[in-house]
Structure formats: C-alpha cells, structure tokens
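Fold and contact review
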Amino acid sequence: MRDVMSELKELRLYGMPGAWADLTAQGSVGIDASRWLIEHLLQAEHTDRAMRSVSYQLKSARFPVHRDLAGFDFAQAKVDERLIKELADLAFTTNLTFGEWASVFGDAKITTALLDRLTHHCHIVETGNESYRFRHSSATAKSRIKAREKAKREPPADDPF
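Residues numbered from 1 in each chain as written. Predicted model: local features only at pLDDT ≥ 70, side-chain atom pairs only at ≥ 80, totals over all residues. Heavy atoms only, no water.

Side note on the overall build of the protein chain
Summing up its helical and strand segments, the protein chain has seven helices and zero strands in all. When its helices and strands are written in sequence order, the protein chain yields α-α-α-α-α-α-α. Out of the 161 residues belonging to the protein chain, those deemed buried represent 12%. Of the roughly 13,700 Å² of accessible surface on the protein chain, a fraction of 57% belongs to carbon and sulfur atoms. (Helix = DSSP H or I, 4+ residues; strand = E, 2+ residues; numbered from the N terminus. Buried < 20%, exposed > 50% of the residue type's maximum accessible area, 1.4 Å probe, protein only. Areas by Shrake-Rupley, 256 points an atom, 1.4 Å probe, with all protein chains shown as cover.)

Examining unusual backbone geometry
Positive phi outside glycine occurs at Arg12, with the angle close to 60°. In this structure, Arg12 sits in the loop between helix H1 (4-10) and helix H2 (15-26). For Arg12, a relative accessible area of 57% puts it in the exposed group. If you check the backbone angles, Arg62 has positive phi at about 55° while not being a glycine. Tracing the backbone through its elements, the reader meets Arg62 in the loop between helix H3 (31-61) and helix H4 (81-86).

Remarks on H3
With 31 residues, H3 extends 44 Å from end C-alpha to end C-alpha; this agrees with the ideal 45 Å at 1.5 Å per step. Looking only at H3, the buried set comprises Ile31, Arg35, Ile38, Glu39 and Leu42. In this structure, the buried residues of H3 make contact with H1 and H2. With its phi angle positive at about 55°, Arg62 sits one or two positions after the end of H3. (Expected span 1.5 Å × (residues − 1). Contact = heavy atoms within 4.5 Å.)

Here's the deal with the nonpolar core
One recurring pattern in soluble globular proteins is that nonpolar side chains are buried together. Among the nonpolar cores identified, the biggest contains seven residues, and these are Val4, Leu8, Leu11, Trp20, Ile31, Ile38 and Leu42. Looking at which element gives the most residues to this core, the answer is H3, with three residues. (Core = buried A, V, L, I, M, F, W, Y, C linked by side-chain atoms within 4.5 Å.)

Regarding the pattern of salt bridges
Tallied over the entire structure, the rule returns seven salt bridges. The partner of Asp48 in a salt bridge is Arg52, with the nearest N and O atoms 2.7 Å apart. Within this pair, Asp48 and its partner Arg52 are both found in helix H3, separated by four residues, close to a single helical turn. Using a relative accessible area of 48% as the deciding quantity, one classes Arg52 as partly exposed. Three or more residues are tied together by salt bridges with common partners; here these are Glu45, Asp48, Arg49 and Arg52. (Salt bridge = Lys/Arg side-chain N within 4 Å of Asp/Glu carboxyl O.)

Notes on the packing of H2 against H3
Each pair of packed helices gets described by two things: the angle between the helix axes and the distance between those axes. Between H2 and H3, the shortest axis-to-axis distance is 10 Å and the interhelical angle comes to 155°. What the angle tells us is that H2 and H3 run roughly antiparallel. Relative to H3, H2 is oriented so that their crossing is left-handed. Of the residues in H3, those in contact with Trp20, Leu23 and Thr24 of H2 are Ile31, Ser34, Arg35 and Ile38. Among the residues making up the contact of H2 with H3, the classes are represented as four nonpolar, two polar and one charged. (Axes fitted to C-alpha atoms, helices over the stretch in contact; angles between N-to-C directions. Parallel < 35°, antiparallel > 145°, perpendicular 65-115°, else oblique. Left-handed = near helix turned anticlockwise from the far one by under 90°. Nonpolar A, V, L, I, M, F, W, Y, C, P; charged D, E, K, R; others polar.)

Considering the packing of aromatic side chains
This structure, assessed with the given rule, holds one aromatic pair. When the centroid spacing of 4.8 Å and the interplanar angle of 75° are considered together, the rings of Phe72 and Phe74 count as edge-to-face. Judged by its relative accessible area of 37%, Phe72 falls in the partly exposed class. (Phe/Tyr/Trp six-rings, centres within 6.5 Å; stacked < 30°, edge-to-face > 60°.)

Here's the deal with the side chain of Glu7
Looking at where Glu7 falls in the secondary structure, it is placed in helix H1. Those residues in contact with Glu7 that sit more than four places away from it in its chain are Arg2, Leu42 and His46.

Written out as structure tokens, the structure reads:
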C-alpha cells in the first residue's frame, strides 16, 4: 500500500495531506475507492513530472539532434543488443576509460577502490566508436578553419589587385 500522505507532501500539495488525514480518520464511506483514485492520480503526477523533467533537461542540453535507443543501429556497432536494452534504464558508471578516472577524482588509490566497488557486479560495454559529440564538434571546427583559410587566400571582391 502506498503512503499517500508522504507522496502528497513530496509533491508539495500542501493542503491535501491534512484533508486526507481527516478523511481517513473519519472512516468516510467509500474511502477505499478514494484511496484507489488518489493513488492513481499520484502515479500520473509522478510520471508527468518525470517526463517534463527529461524534456527540460534535453532542451537545456541543446543537443543538435534528438537521439534515443529506438533509433540506434545495432548492425553498425559491435555491442550486445540484448545487454544494451537491458541497461537502457540508465543505471550504468561513463565514457571515460578507467585510467582517466584518477584525474577526475584526484587520488589514484581512492579511484581504484571506487572502481573496484562499482565494477564488482556490472557489465562494462565498450562500443569502440568515437564519441558523436566529439566527432560533430571536430567536423564543425574543421569547416570553420577551412572557411577562414579560404577567406585569407582570396582577395576581397572590390580589391583591384
């Protein structure tokens, strides 16, 4: 059974926890049906807030193109499709190699201990592919450099020489 009172407080519905407590204390007729309705409404609110949060985060990140697992071409990557789909709940460690973690945490011994605990019961997936964001930013930078070099080599249109 869900704790309706704590969920109402968690969602900051300040007047509802008191009203719910009064209704349940009175033993009102139909309280079981009301509980069912409230629990379903709470679940719908949690789901809606989670979806809006993800949407906001994607918008804030300003990704150039929306990408998700549904559009991933498993034929082009040497990864275990079943495992990737199993891990799709996003409960998995980074794109850094383990050797790079010490520079993030600043202490090699602590980093080793942390990695030991994190990798004890996990699957490590290496795609062997270059980062999409790195490849995209590199291509953009290269095209800008080429455009600048071309502009330097070509004289302005109104220059008679």
